[in-house]
Amino acid sequence: MQTREMSAAAVEEKRVFSGIQPSGELHLGNYLGAIKGWVERQREKVNFFCIVDLHAITVPQDPESLRRRTRSVAAMLLAAGLDPDRCTLFIQSHVSAHAEGCWLLNCVTPIGWLERMTQFKDKSAGQERVSTGLLGYPVLMAADIILYDADEVPVGVDQKQHVELARDIAARFNRLYGETFVVPEPVIPEVGARVMGLNDPAVKMSKTHSDVRGHAVGMLDDPKEIERSFKRAVTDSGNEIAFSNDPGKAGVNNLLGIYKVVTGRSKDEVERDFENARGYGDLKSRVAEVVIEELRPVRERYRRLIGDVAELDALMAVGAERAEDVSGPKLREVKDRIGLALPRMAGGG
Ligand code: ATP
Ligand code: LTN
């Protein structure tokens with residue numbers, strides 16, 4: 001069981017919460033920036049990982065494909081190495097405390113805090129209709145995190161501002177109603193924090209652009225496709241293979257960054273690996289090779305898991321129950337603090 005009561009030793013352990021949207025095909029950026037780190041963390045911390053389908057519906061979704069992708073992400077996370085015996089993996093909409101907690105936190109969150117969020121500005125720009133849910137997105141995210149008293153929130157750098165907002169909301173609630181929530185910390189991986197598009201290294205690799213040819217490497221792409229994507233990757237007209245902050249060298253920097261996270265080597269070791277490389281062509285095929293080998297077992301496990309929907313659904317049900325065991329009592333505490341939780345009469349009176 002993944003609760004703090006698990007054992008005396010676990011009491012001292014940090015609690016971790018993170019989430020991923022079932023909003024498109026997962027790509028190498030999601031894998032290196034988030035999922036791989038989650039898999040590594042589960043050895044040492046108490047972890048909650050959530051497939052955030054309620055976040056996905058802040059923008060229009062086709063119901064059937066949302067359902068299919070939610071299962072697909074569950075299978076992908078398990079295939080990548082999340083172990084239900086070591087972490088609590090669940091689907092957000094299975095645990096009603098998230099939506100309910102979001103409402104309670106909405107009522108202590110100034111609207112100006114939300115209007116300032118860069119993701120809101122980006123996603124709402126140029127849209128004719130923007131849902132209230134899109135504005136409230138970070139409040140739901142704060143509920144996700146603080147209902148579990150999470151100490152750490154591993155996210156890509158693009159989500160740091162949202163975790164900081166969750167800190168502000170937790171601190172504000174604590175000030176208004178007394179110590180209730182742990183104030184969480186964002187944890188940003190050093191490299192892999194931002195994997196860039198292969199077609200345009202100035203733009204982060206993202207699900208939103210993954211149908212653009214050559215932009216993303218899908219976690220389920222077969223070796224031939226992966227090789228093709230890397231061959232087409234945009235670089236520069238030079239020939240120096242080294243890490244660099246020069247925007248003109250962003251393509252090579254991105255390729256080296258990917259190689260570094262996959263192999264777990266240091267920057268020096270990576271540069272040494274390419275000392276005798278024969279130009280960018282060689283760099284691209286060696287990066288493709290390590291990515292292909294990294295994703296091969298994930299793809300194979302995924303195929304087995306997605307073939308057994310009943311087993312997958314059963315695993316998600318177990319995750320939801322465990323998540324409820326933690327977030328349910330917290331939600332009751334919050335309602336009590338606010339003055340909502342009058343005892344309910346037996347017999348529905
Ligand atoms: P969207 O295009 O819908 O914004 P996304 O591809 O950015 O989606 P999310 O579901 O928002 O993916 O992110 C899931 C996790 O993957 C988050 O922790 C996020 O920071 C991380 N992540 C997403 N894209 C990248 C990337 N290019 N590099 C590193 N990490 C990333
Ligand atoms: N907004 C995040 C997903 C997300 C999340 C969370 C991450 C929803 N709730 C709680 C960490 C903790 C994203 O789009 N990557």
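Residues numbered from 1 in each chain as written. Chains lettered and ligands numbered in written order. Predicted model: local features only at pLDDT ≥ 70, side-chain atom pairs only at ≥ 80, totals over all residues. Heavy atoms only, no water.

(A) Examining the overall build of the protein chain more closely. When its secondary structure is counted, the protein chain shows 13 helices and 5 strands. At 21 Å, the protein chain has a C-alpha radius of gyration in line with the 20 Å of a compact globule built from 349 residues. Seen along its three principal axes, the alpha-carbon backbone of the protein chain occupies a region of about 80 × 45 × 40 Å. Out of the 349 residues belonging to the protein chain, those deemed buried represent 50%. Sequence-distant contacts in the protein chain: of pairs separated by 6 or more residues, those separated by 24 or more amount to 75%. (Helix = DSSP H or I, 4+ residues; strand = E, 2+ residues; numbered from the N terminus. Rg over C-alpha atoms; globule rule 2.2 N^0.38 Å. Buried < 20%, exposed > 50% of the residue type's maximum accessible area, 1.4 Å probe, protein only. Contact = heavy atoms within 4.5 Å.)

(B) Examining the packing of aromatic side chains more closely. What the rule picks out here adds up to 8 aromatic pairs. With 6.3 Å between their ring centres and 75 degrees between their planes, Phe-17 and Phe-90 make a pair best called edge-to-face. Here Phe-17, found in strand β1 (residues 15–20), pairs with Phe-90, found in strand β3 (residues 87–91); they are 73 residues apart in sequence, far enough to count as distant. A relative accessible area of 0% means that Phe-90 is categorised as buried. (Phe/Tyr/Trp six-rings, centres within 6.5 Å; stacked < 30°, edge-to-face > 60°.)

(C) Representation of the site of ligand 1. Not every one of the 20 residues close to ligand 1 is listed here, only the nearest: Val-195, Lys-204, Met-205, Lys-207 and Thr-208. Residue Lys-204 places a side-chain N or O atom 2.4 Å away from an oxygen atom belonging to ligand 1. One of the side-chain nitrogen or oxygen atoms of Lys-207 is found 2.6 Å away from an oxygen atom of ligand 1. Protein burial of ligand 1: of its 590 Å² of free accessible surface, 93% is covered by the chains. Element by element, the count of residues in the shell around ligand 1 is highest for helix α1 (residues 28–41), at 4 residues. (Near = heavy atom within 4 Å. Polar contact = N/O pair within 3.5 Å; in protein donor to acceptor, adjacent residues only side chain to side chain. Areas by Shrake-Rupley, 256 points an atom, 1.4 Å probe, with all protein chains shown as cover.)

(D) Inspection of helix α4 (residues 97–106) at higher detail. Those residues of α4 that fall on the buried side of the exposure criterion are Ala-97, His-98, Gly-101, Cys-102, Leu-104 and Leu-105. Viewed end-on, α4 has its buried residues packed into an arc of 165 degrees, placing them on one side of the element. (Arc of directions from axis to C-beta.)

(E) Structural context of unusual backbone geometry. Not every positive phi belongs to a glycine, and Asp-149 is a case in point at roughly 50 degrees. In this structure, Asp-149 sits in the loop between α7 (132–146) and β4 (152–154). Residue classification places Asp-149 among the buried residues on the basis of a relative accessible area of 15%.

(F) Here's a closer look at the site of ligand 2. Around ligand 2, 13 residues are found, and the nearest of them are Gln-21, Tyr-137, Met-141, Asp-144 and Gln-159. Take Gln-21: an N or O atom from its side chain is 3.3 Å from an oxygen atom of ligand 2. The contact in question runs from a nitrogen atom of ligand 2 to an N or O atom on the side chain of Asp-144, over 2.7 Å. Expressed as a share of its isolated accessible area of 360 Å², the protein-covered part of ligand 2 is 90%. The set of elements that each furnish at least two residues to the shell around ligand 2 consists of β1 and α7. Top contributing element to the shell around ligand 2 by residue count: α7, with 4 residues.

(G) Spatial organisation of the pairing of strand β2 (residues 46–51). Of all 6 residues making up β2, 6 are buried, and the element is well covered by its neighbours. Side chains Val-46, Phe-48 and Cys-50 project from β2 onto one buried face, and the interleaved Asn-47, Phe-49 and Ile-51 project onto a second face that is buried too. In terms of strand pairing, β1 meets β2 through 6 bridges, oriented parallel. If you follow Arg-15 over to β2, its bridge partner there is Val-46. Handedness of the β1-α1-β2 crossover: right-handed. The pairing of β2 with β3 spans 5 bridges and is classified as parallel. Residue Cys-50 lies in a different strand from β3, and its bridge partner there is Phe-90. (Pairing = 2+ DSSP bridges. Right-handed = clockwise from strand over helix to strand, strands pointing away.)

(H) Expanded view of the confidence of the model for the protein chain. When pLDDT is averaged across the protein chain, the result is 92; 94% of the residues are at 70 or more. Scored below 50 in pLDDT, residues 1–11 shows 18 contacts in the model against residues more than four places distant or in partner chains. (pLDDT = per-residue confidence, 0-100.)

(I) Quick peek at the environment of Tyr-302. With respect to the helices, strands and loops of the structure, Tyr-302 is situated in helix α12 (residues 279–306). For the pair formed by Tyr-302 and Ala-80, sequence separation is 222 residues and the distance between their alpha carbons is 8.1 Å. In this structure Tyr-302 touches Ser-72, Ala-75, Met-76, Ala-79 and Leu-220, once residues within four positions along its chain are discounted.

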